[in-house]
Amino acid sequence: MNHVQVIVMPSCIAIITVLLVCLWRVLNWVWFRPKKWEKLLTQQGMKGNSYRILYGDTKELSMMIKQVTSKPMSLSDDNNIAPRLMPFFVKTIKKYGKKSFVWLGPRPLLFIMDPELIKEVFTKHYIYQKPLTNPLIKLLADGITTKEQDKWAKHRKIIKPAFQVEKIKNMLPVFYLCCTEMLSKWEDIVSVEGSHEIDVWPHLQQLTSDVISRTAFGSSYEEGRRIFELQKEQARHVTEAIFSFYIPGWRFLPTKKNRRMKEIEEEVQASVRGIIDKRLKGTQRGETNNDDLLGILLESNSKEIEQHGHKDFGLSIKEVIEECKLFYVGGQDTTSVLLVWTLILLSSHQDWQARAREEVLQVFGSQKPDFDVLNHLKVVTMILYESLRLYPPFMTITRRANEDTVLGDLSLPAGVLLSLPAVLLHHDEEIWGEDAKKFKPGRFKDGVNSATKGQFTFLPFGYGPRICMGQNFAMLEAKMALSMILQRFSFELSPCYAHAPYSIITTQPQYGAPLILHKL
């Protein structure tokens, strides 16, 4: 054997070994591991389609969504929105029962619909973590919702002061100002004729965008508006990515969509960083501005660093930016969709609209709603809860088993996904009765616990330690807006209205929400 052979042969062996390891990992990812999971699940009584290499059920899932969203649904369907929002999930459960699963690429997604198991999943958040099935999701916001364990605990501790009741109470004047601006526009449109058709959906989006812009960034809210528009576009791209099969590394290819998503990310990052830099420079000059979400967040972060004497105990500027981006996704979308579906439901149920208006006028008259009484509006609260039940902001909540574990009588291998389908749970006749799909706010007259019979089946804001911190913010904003609308207008569905809920991160009206508004 000559000298060249001595050098080349080990190199060739090393290259071949690396290639074989890579080949094994790919084959294990796309075939061997999914088939192993499939066998394990079916042996435990779970049912679903046989695994199809690489794509699983994603092609049929995407095709069915395109089909059902190609036309509106009938208003006579009694809010039966699940077949439109998650048609493949509904089809699977009808075919195989509640103990079933679908394939999101080479990974199974198991439906968990037993209230006690749902409670366990939410409670043991260190085992059942939020999955990152597509890294593109982080472009929308890489804040507390994507963090786990110690990082999540750190972020939560620093952010929590921003959403304390006393802090939110101080933001009530901002809620009132933004609502007044929106309603003044409506009055200008309606005043001449006394009645007029208005598509309220873009107005409600603008309202909640203005609220979060002002409450997050104070005097910099005009800059915040641009961030909202960009985040709104990013949400569309991310939704498309969620419902398609993700190939590792695909996001790095210079496709038109990837380039656009990167552009949005860079502009949003630069805009938020600019606002934060101005705020920090103001603080250095002795200016105090800690009455908005950004100010409270920066103050809380600074205290945490000072208390422990090291910056590692606080959030970096990049992490603060990501939390600000999350303010938009969580603070704007959830409240606007809650309000739009509430107005649509009240347009179809004039009796409840009249009852809510009677309560508001009895409590406030034509005066400015105040904090204490807003929290004691019983009929309005019942209506908002029922709207959240029938049209939850997020159609399903997904978790990933972080380790091999046991859930009920199921042995789950690490890596499988769990779906807690909020829409299906909220519409389940076994839980809510035969009228589960009907608008009946009275079911909440004695509160959520009574309506659910103590079961963990009402999930508009999640549950457990990771329940949405902004739920009090969203509910107070919605109560303020709805009360002020009821003070000034009555409303009904326009003949042009097409009932078409669809999901772009949150459950939105595909063709808007044209209503006939009557000035009172």
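Structural notes, computed from the coordinates. (Residues numbered from 1 in each chain as written. Predicted model: local features only at pLDDT ≥ 70, side-chain atom pairs only at ≥ 80, totals over all residues. Heavy atoms only, no water.)

## Some details on the overall build of the protein
In terms of regular secondary structure, the protein is built from 21 helices and twelve strands. Against the 2.2 N^0.38 benchmark of 24 Å for 520 residues, the protein shows a C-alpha radius of gyration of 25 Å, consistent with a compact globule. On the principal axes, the C-alpha backbone points of the protein span a range of 100 × 65 × 40 Å. The burial tally for the protein puts 51% of its 520 residues in the buried class. For the protein, the share of sequence-separated contacts (at least 6 apart) that also reach a separation of at least 24 residues comes to 76%. Looking at the protein as shown, the accessible area adds up to about 23,800 Å², and 56% of this sits on carbon and sulfur atoms. (Helix = DSSP H or I, 4+ residues; strand = E, 2+ residues; numbered from the N terminus. Rg over C-alpha atoms; globule rule 2.2 N^0.38 Å. Buried < 20%, exposed > 50% of the residue type's maximum accessible area, 1.4 Å probe, protein only. Contact = heavy atoms within 4.5 Å. Areas by Shrake-Rupley, 256 points an atom, 1.4 Å probe, with all protein chains shown as cover.)

## Quick notes on the sheet that holds strand β1 (residues 101–104)
With mixed pairing, the five strands of this open sheet are ordered in space as β1-β2-β8-β5-β3. Each edge of the sheet is formed by a strand with only one pairing partner; in this case those strands are β1 and β3 (128–129). Of the pairings in the sheet, the one linking strand β5 (residues 397–401) to strand β8 (residues 417–420) comprises four bridges and is antiparallel in character. For threonine 398, the partnering residue across the bridge sits in β8 and is serine 419. Packed onto the sheet, helix α5 (residues 115–123) meets β3, β5 and β8 and runs at close to 120 degrees relative to β8. (Pairing = 2+ DSSP bridges. Axes fitted to C-alpha atoms, helices over the stretch in contact; angles between N-to-C directions.)

## Quick word on the sheet that holds strand β12 (residues 514–519)
Read across the sheet, three strands follow the order β4-β12-β9 without closing on themselves; strand pairing throughout is antiparallel. Of all strands in the sheet, those bounded by a partner on one side alone are β4 (195–199) and β9 (489–493). The average undirected angle you get between the axes of adjacent strands in this sheet is 30 degrees. Sitting on the sheet, helix α10 (residues 200–217) is in contact with β4 and β12, with an inclination near 65 degrees to β4.

## Here's the deal with the packing of helix α2 (residues 58–68) against helix α4 (residues 87–96)
Closest axis-to-axis distance for the α2/α4 pair is 8 Å, and the angle between their directions is 115 degrees. Considering their axes alone, α2 and α4 lie roughly perpendicular with respect to each other. For the pair α2 and α4, contact is made by Glu60, Leu61, Met64, Ile65 and Val68 and by Pro87, Phe88, Phe89 and Lys91, respectively. (Parallel < 35°, antiparallel > 145°, perpendicular 65-115°, else oblique.)

## Comments concerning the environment of glycine 365
Take glycine 365: it is sitting in the loop between α15 (350–364) and α16 (371–374). Put simply, glycine 365 and proline 83 are 282 residues apart on the chain and 42 Å apart in space, counted from C-alpha to C-alpha. Excluding residues within four positions of it along the chain, glycine 365 makes contact with Val360 and Gln487.

## Topic: the packing of helix α14 (residues 317–348) against α15
Running from N to C, α14 and α15 cross one another at 115 degrees; their axes reach a closest spacing of 5 Å. Here α15 runs roughly perpendicular to α14, going by the angle between their axes. Of α15, the residues touching α14 (which contributes Leu346, Ser347 and Ser348) are Gln350, Trp352 and Gln353. For the contact of α14 with α15, the residue count by class is two nonpolar, four polar and no charged. (Nonpolar A, V, L, I, M, F, W, Y, C, P; charged D, E, K, R; others polar.)

## Some remarks on the pattern of salt bridges
Scanning the entire structure with this criterion turns up 22 salt bridges. For the salt bridge of arginine 52 with aspartate 57, the shortest nitrogen-to-oxygen distance reads 2.5 Å. Residue classification places arginine 52 among the partly exposed positions, given a relative accessible area of 40%. On the accessibility criterion, aspartate 57 (1% relative accessible area) is buried. With its nearest N and O atoms 2.8 Å apart, the salt bridge here joins arginine 260 to glutamate 233. With a gap of 27 residues between them, arginine 260 in helix α12 (residues 256–284) and glutamate 233 in helix α11 (residues 221–242) connect regions that are remote in the sequence. Its relative accessible area of 25% is what places arginine 260 among the partly exposed residues. Taking the relative accessible area as the measure of exposure, glutamate 233 reaches 18% and is therefore buried. Connected through salt bridges with shared partners, the residues Glu386, Arg389, Asp435, Lys440 and Arg443 form a single ionic network. (Salt bridge = Lys/Arg side-chain N within 4 Å of Asp/Glu carboxyl O.)

## So, the environment of arginine 107
You can see arginine 107 is positioned in strand β2 (residues 107–111). Overall, the relative accessible area of 22% leaves arginine 107 in the partly exposed class. Residues arginine 107 and glycine 408 lie 301 residues apart in sequence; the distance between their C-alpha atoms is 21 Å. The residues contacting arginine 107, other than those within four sequence positions of it, are Arg33, Trp37, Val102, Arg400, Gly415 and Leu417.

## As for the nonpolar core
One recurring pattern in soluble globular proteins: nonpolar side chains tend to sit buried together. Ranked by internal contacts, the top residues of the largest apolar core, which has 150 residues, are Leu110, Trp186, Val200, Leu207 and Leu517. Considering every element that reaches this core, the biggest residue donor is α14, with 16 residues. The residues contacting leucine 207, other than those within four sequence positions of it, are Cys178, Cys179, Met182, Leu339 and Ala481. (Core = buried A, V, L, I, M, F, W, Y, C linked by side-chain atoms within 4.5 Å.)

## Digging into the side chain of serine 209
Positionally, serine 209 belongs in helix α10. Other than its neighbours up to four places away in sequence, serine 209 contacts Phe228 and Gln332.

## Comments concerning helix α21 (residues 471–488)
Between its first and last C-alpha atoms α21 spans 26 Å; for 18 residues at 1.5 Å apiece the expected length is 26 Å, and the two agree. Of all 18 residues in α21, 16 are buried, a share of seventy percent or more. (Expected span 1.5 Å × (residues − 1).)

## Overview of the side chain of glutamine 129
The topology assignment puts glutamine 129 in strand β3. Owing to a relative accessible area of 10%, glutamine 129 belongs among the buried residues under this scheme. In this structure, glutamine 129 is in contact with Glu148, Gln149, Arg399, Arg400 and Asn402, ignoring residues within four places of it in sequence.

Coordinates in, geometry out; function isn't part of it.
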